[in-house]
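The lines below spell out each chain.
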Amino acid sequence: MLLTFVIAGLFTQLVPKEVLLDWIGNESGWRGIVVGSIAGILALGLLLLFQQKRPARNDMTSLFIVSFGVVVGFPLLTALALRHVTSAHSIVFVGLLPLATAVFAVLRGGERPRPAFWLFSCLGSALVAGFSLSNSLSAGVGASLDGDLLMLGAIIVCGLGYAEGAALSRKLGGWQV
């Protein structure tokens, strides 16, 4: 898995931008799709090379949830949110991700965090929500309700994907998920 990230990172750094733009066009979204596809192909190659077992049929739903939440949902919803809010405003929402992940870990994975975790997660999340709300209410700060709702959706689907991936990794192994 680390090798996949290294190769994808080297690809984005070593291939001149002009060559890449000539090859796939000026749309920056295509670059992400191409690099992600290369990383996916390399990951598949590693799974085949190390002769990892195929996921069982009942694991496919979990794999879909992980893929949808982490690979599609979070980036897509974040990109849509960035049409309405600044990146500085949107990054604050990432502070809600540990709480979202923990909630889904309890619901989907049977985890049982300690009360101190819930206390500090809720306290931190309340601070994040308060900060975001105060920015949204003050005019001209670069926030909007649409952007906030899209970012909240991104955090929810990512938390679900992370928790589902953690539960699935018990069966398939961490790097295989």
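Note that the coordinates shown come from a computational prediction; the quantities given were computed from them, not determined experimentally.

What about the overall build of the protein chain?
At step 1: From N to C terminus, the protein chain includes 8 helices and 0 strands.
At step 2: In sequence order, the secondary structure elements of the protein chain are arranged as α-α-α-α-α-α-α-α.
At step 3: Sorting the 177 residues of the protein chain into buried and exposed places 30% on the buried side.
At step 4: Across the protein chain, every contact between residues at least 6 apart in sequence was considered, and the portion connecting residues at least 24 apart equals 77%.
At step 5: Summed over its atoms, the accessible surface of the protein chain is roughly 11300 Å², and 70% of this surface lies on carbon and sulfur atoms.

What to know about the packing of aromatic side chains
At step 1: The tally for this structure, following the rule as stated, stands at 2 aromatic pairs.
At step 2: Taking the centre distance of 6.1 Å and the plane angle of 15 degrees together, the rings of Phe 64 and Phe 68 count as stacked. Residue Phe 64 and its partner Phe 68 are located together in helix α4 (residues 60-81), separated by 4 residues, close to a single helical turn.
At step 3: The class of Phe 64 is exposed, set by a relative accessible area of 56%.
At step 4: Judged by relative accessible area, Phe 68 falls into the partly exposed class, the value being 42%.

A short note on the nonpolar core
Taken as a class, soluble globular proteins show a tendency for nonpolar side chains to be buried jointly.
At step 1: In this structure, Ala 81, Val 92, Phe 93, Leu 96, Leu 97, Ala 100, Val 128, Met 151, Ile 155 and Cys 158 together form the largest nonpolar core, which totals 10 residues.
At step 2: Contributing elements (two or more residues each) for this core: α6 (97-109) and α8 (145-172).
At step 3: Val 92 has contacts with Val 128 and Phe 131, leaving out every residue within four places of it along the chain.

Concerning the packing of α4 against α8
At step 1: Running from N to C, α4 and α8 point in directions that differ by 160 degrees, and their axes come no closer than 8 Å. As judged from the angle between their axes, α4 and α8 are roughly antiparallel. Judged by the sense of rotation from one axis to the other, the crossing of α4 with α8 is left-handed.
At step 2: By residue class, the composition of the contact of α4 with α8 is 18 nonpolar, 8 polar and 1 charged.

Some thoughts on a nonpolar patch on the surface
At step 1: A surface patch of nonpolar side chains, about 570 Å² in accessible area, is lined by Phe 64, Phe 68, Val 71, Val 72, Leu 76 and Leu 80.
At step 2: If you trace the backbone, Leu 76 turns up in helix α4.

The rules behind each value
Residues numbered from 1 in each chain as written. Predicted model: local features only at pLDDT ≥ 70, side-chain atom pairs only at ≥ 80, totals over all residues. Heavy atoms only, no water. Helix = DSSP H or I, 4+ residues; strand = E, 2+ residues; numbered from the N terminus. Buried < 20%, exposed > 50% of the residue type's maximum accessible area, 1.4 Å probe, protein only. Contact = heavy atoms within 4.5 Å. Areas by Shrake-Rupley, 256 points an atom, 1.4 Å probe, with all protein chains shown as cover. Phe/Tyr/Trp six-rings, centres within 6.5 Å; stacked < 30°, edge-to-face > 60°. Core = buried A, V, L, I, M, F, W, Y, C linked by side-chain atoms within 4.5 Å. Axes fitted to C-alpha atoms, helices over the stretch in contact; angles between N-to-C directions. Parallel < 35°, antiparallel > 145°, perpendicular 65-115°, else oblique. Left-handed = near helix turned anticlockwise from the far one by under 90°. Nonpolar A, V, L, I, M, F, W, Y, C, P; charged D, E, K, R; others polar. Patch = residues over 30% accessible without salt bridge, like charges linked within 9 Å, V, L, I, M, F, W, Y side chains within 5 Å. Salt bridge = Lys/Arg side-chain N within 4 Å of Asp/Glu carboxyl O.

Take it as geometry only, folks, not as evidence of what the structure does.
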